[in-house]
Amino acid sequence: MLEGIIRESITKKATKELRRDGYLIANIYGKGVENINAAFKENEFVKAVRNKETLIFPVSVGGKEYNVVIQEYQKDPLKSKFLHVDLRIALPGVLAKYLVPVKLTGTPKGLRNKGVLALTKKRLCVKCTAEHLPNNYTLDVSDLDVNETILVRDIKVDNNVQIMDEDRISIVGVIKAK
């Protein structure tokens, strides 16, 4: 389990000191829960996120355990280091919006016909409870030819999950190379 500390001071100076010591700044929030300003060791956080099996993973801050989902993060554009992460507490039975990643499988046949695969939506916004949250949406792109796309409406979802993105939005497609 990932363990973090509660930040006593949220000033710019204290934040810089924590980053210098190898900490990643985090905000933990949820519906009906007071916001928690926390910090995690950056290397431990990256390892925990890479090794997690579901979108929801446990963290321990200030002696309390929370099941959280990464809502948003900021990276340094030059160094590719994490600067900040927002973690949302996944409360059981509470309807909330989550961002679910899209994963692709297969090689489109349009690539042999001088096409280029274009992934336009890396994550889909869904509304569901924490118990019904899917880990990802896996799309098979092997049947896509040039000028063909997979739209949001083409994705099969459970009855307990509602996709909040508009159904006419393209997720992935094969476009003609110039």
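Residues numbered from 1 in each chain as written. Predicted model: local features only at pLDDT ≥ 70, side-chain atom pairs only at ≥ 80, totals over all residues. Heavy atoms only, no water.

> Which residues make up the overall build of the protein chain, and what are the values?
Per the secondary structure count, the protein chain includes 2 helices and 13 strands. In terms of principal-axis extent, the alpha carbons of the protein chain reach across some 55 × 40 × 25 Å. Counting the 178 residues in the protein chain, one finds 37% classified as buried. Pairs at least 24 residues apart make up 62% of the contacts formed inside the protein chain by residues separated by at least 6 positions. Within the protein chain, one finds 30 positive and 22 negative side-chain charges whose respective centroids are separated by 6 Å. (Helix = DSSP H or I, 4+ residues; strand = E, 2+ residues; numbered from the N terminus. Buried < 20%, exposed > 50% of the residue type's maximum accessible area, 1.4 Å probe, protein only. Contact = heavy atoms within 4.5 Å. Lys, Arg positive; Asp, Glu negative; His and termini not counted. Charge placed at Lys NZ, Arg CZ, Asp CG, Glu CD.)

> Quick rundown of the pattern of salt bridges? Include the residues and the values.
Using the criterion set out here, one finds 3 salt bridges in the structure. Linking lysine 81 and glutamate 42 is a salt bridge whose minimum nitrogen-to-oxygen distance equals 4.0 Å. With a gap of 39 residues between them, lysine 81 in the loop between strand 5 (64–75) and strand 6 (82–89) and glutamate 42 in helix 2 (residues 42–51) connect regions that are remote in the sequence. One salt bridge in this structure joins arginine 168 and glutamate 166, with 2.5 Å as the shortest N-O distance. (Salt bridge = Lys/Arg side-chain N within 4 Å of Asp/Glu carboxyl O.)

> So, the sheet that holds strand 5: which residues are in play, and what are the values?
Read around the barrel, 6 strands follow the order 1-3-2-6-5-4 and close on themselves; strand pairing throughout is mixed. For this sheet the average axis-to-axis angle between neighbouring strands, irrespective of direction, equals 45°. Pairing of strand 5 with strand 6, which is carried by 7 bridges, proceeds in the antiparallel orientation. Across the sheet, glutamine 74 pairs through a bridge with histidine 84, a residue of strand 6. Sheet strands in contact with helix 1 (residues 12–20) are strand 1 (2–6), strand 2 (23–30), strand 3 (33–41) and strand 6, and its direction is about 120° off that of strand 2. On the sheet, helix 2 packs against strand 1, strand 2, strand 3, strand 4 (57–61), strand 5 and strand 6 and is oriented at approximately 105° with respect to strand 3. (Pairing = 2+ DSSP bridges. Axes fitted to C-alpha atoms, helices over the stretch in contact; angles between N-to-C directions.)

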